Amino acid sequence: MNWSDSLKIALLEENTQKAYELIINTPTHFKDMEELLTAQELISQTIEMLEKDKEDLKKQMLQVKMAKKFLE
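Keep in mind that this is a model prediction, so the values were computed, not measured.

**Student:** Quick question: what am I supposed to make of the packing of helix α2 (residues 16-24) against helix α3 (residues 33-71) here?
**Tutor:** Any two packed helices are characterised by how steeply their axes cross, that is the angle between the axes, and by the distance between the axes. The geometry of α2 relative to α3 is characterised by a closest axis approach of 10 Å and an angle of 135 degrees between their N-to-C directions. Taken together, the axes of α2 and α3 are oblique relative to one another. In terms of crossing hand, the pair formed by α2 and α3 is left-handed. Taken together, the residues of α3 that come into contact with α2 (itself represented by Thr16, Ala19, Tyr20 and Ile23) are Ile43, Thr46, Met49, Leu50 and Asp53.

Printed below as a string of structure tokens:
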């Protein structure tokens with residue numbers, strides 16, 4: 001399976017860890033402009049997914065902090 005297919009699957013599965021690893025290991029050469037544009041779009045979608053995951057984590061941490069404060 002090639003890099004772009006692997007990244008597409010990671011995005012569909014919302015597997016942020018796998019998507020991040022694939023972005024870190026982005027190929028340095030693409031065979032044509034279409035493949036390069038596809039990679040650009042996949043990377044953009046991955047960034048959006050990672051930012052959403054970051055915001056969700058931030059909300060969860062705030063909820064934990066509020067619950068901890070309530071229990072004190």
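**Student:** Would you take a moment to explain the pattern of salt bridges for this structure?
**Tutor:** Oppositely charged side chains can form a pair if their charged atoms are brought close together. Scanning the model with the defined rule gives one salt bridge in all. For aspartate 56, the salt bridge is made with lysine 52, and the minimal N-O distance between the two is 3.2 Å. Linking aspartate 56 with lysine 52, this pair stays in helix α3, spanning four residues, or about one helical turn.

**Student:** Got a minute to help me understand helix α1 (residues 3-12) in this structure?
**Tutor:** For an α-helix, the turn length of 3.6 residues means that residues three or four places apart are oriented alike. Every buried residue of α1 is accounted for by Trp3, Ser4, Ser6, Leu7, Ala10 and Leu11. What you see down the axis of α1 is that its buried residues fit within an arc of 160 degrees, all on one side. On the buried face of α1, the contacting elements are α2 and α3. Phi turns positive one or two residues past the end of α1, at glutamate 14, with a value near 55 degrees.

Each value, and the rule that gives it
- Residues numbered from 1 in each chain as written.
- Predicted model: local features only at pLDDT ≥ 70, side-chain atom pairs only at ≥ 80, totals over all residues.
- Heavy atoms only, no water.
- Axes fitted to C-alpha atoms, helices over the stretch in contact; angles between N-to-C directions.
- Helix = DSSP H or I, 4+ residues; strand = E, 2+ residues; numbered from the N terminus.
- Parallel < 35°, antiparallel > 145°, perpendicular 65-115°, else oblique.
- Left-handed = near helix turned anticlockwise from the far one by under 90°.
- Contact = heavy atoms within 4.5 Å.
- Salt bridge = Lys/Arg side-chain N within 4 Å of Asp/Glu carboxyl O.
- Buried < 20%, exposed > 50% of the residue type's maximum accessible area, 1.4 Å probe, protein only.
- Arc of directions from axis to C-beta.

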